[in-house]
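Residue-level structure breakdown
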Amino acid sequence: MRRFEGRTAFISGGSRGIGFACAHRLAAEGADVFLAAANEENLADARRKIEEDTDCAVGTHAADLSLLSGCEAAAKSALEFGPVDILINCAGATKGGIFPRQPDEEMIDGFALKFHGAVRLSRLLWPSLKKHHGNVVNISGGFARTPDADFMVGGAVNAALANFSKALAAKGLEDDVN
């Protein structure tokens with residue numbers, strides 16, 4: 001039996017980069033995967049590639065995960081695909097820039113997708129994760145621990161996500177979610 005056979009993983013940002021690599025590897029190890037990202041064409045390409053390389057089911061949902069409504073729609077679609085017992089929050093890239101010239105919108109956008117998207121998806125999928133003794137992986141960056149004057153947005157977002165992850169782990173101890 002393959003390591004993740006019988007499991008279903010939801011991967012935000014699963015159409016490209018690290019998110020796609022996580023999804024592809026989980027599928028290769030037997031998990032059914034559900035990919036959520038903003039770009040429908042990228043999702044279709046990712047789905048095709050995973051289906052070509054594995055025998056696992058692949059679901060997708062295109063949504064703006066920086067919005068509550070996008071997270072709600074993606075979570076609903078995922079739960080219709082199957083019970084989620086692995087959640088990988090990987091959506092979101094932040095912009096570097098020189099403070100104080102960096103516009104406020106870049107800070108707001110960085111938090112909206114990477115941080116708030118992960119928080120919302122974790123909350124929306126928590127009942128399924130709890131029921132199935134699931135796992136949550138939040139992908140953050142090294143600037144969470146090593147601030148840089150030219151990457152304040154990314155550092156702040158990643159530090160917030162790291163703090164949330166530690167607190168979520170404590171909640172997971174109560175609810176049997178890793």
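Here's what I pulled together on the structure shown here. Bear in mind the structure is a predicted one, so any value in this text is a computation, not a measurement.

1. Focus on unusual backbone geometry
In this structure, proline 100 follows phenylalanine 99 across a cis peptide bond, with omega equal to 10 degrees. As for its position among the elements, proline 100 is in the loop between strand E4 (86–89) and helix H4 (104–131). If you check the backbone angles, aspartate 176 has positive phi at about 60 degrees while not being a glycine. Its place among the elements puts aspartate 176 in the segment after helix H5 (152–175).

2. Brief notes about the nonpolar core
Grouped together as the largest cluster of nonpolar side chains are 26 residues, with contacts concentrated most on Phe10, Leu65, Leu125, Leu129 and Val136. Elements with a contribution of two residues or more to this core: strand E2 (32–37), helix H3 (68–81), H4 and H5. Ranked by residue count, the leading element in this core is H4, at seven residues. Ala9, Leu35, Ala37 and Leu43 belong to the second largest nonpolar core, which has 19 residues in total.

Conventions used here
- Residues numbered from 1 in each chain as written.
- Predicted model: local features only at pLDDT ≥ 70, side-chain atom pairs only at ≥ 80, totals over all residues.
- Heavy atoms only, no water.
- Helix = DSSP H or I, 4+ residues; strand = E, 2+ residues; numbered from the N terminus.
- Core = buried A, V, L, I, M, F, W, Y, C linked by side-chain atoms within 4.5 Å.
- Buried < 20%, exposed > 50% of the residue type's maximum accessible area, 1.4 Å probe, protein only.

That is the geometry; function is a separate question.
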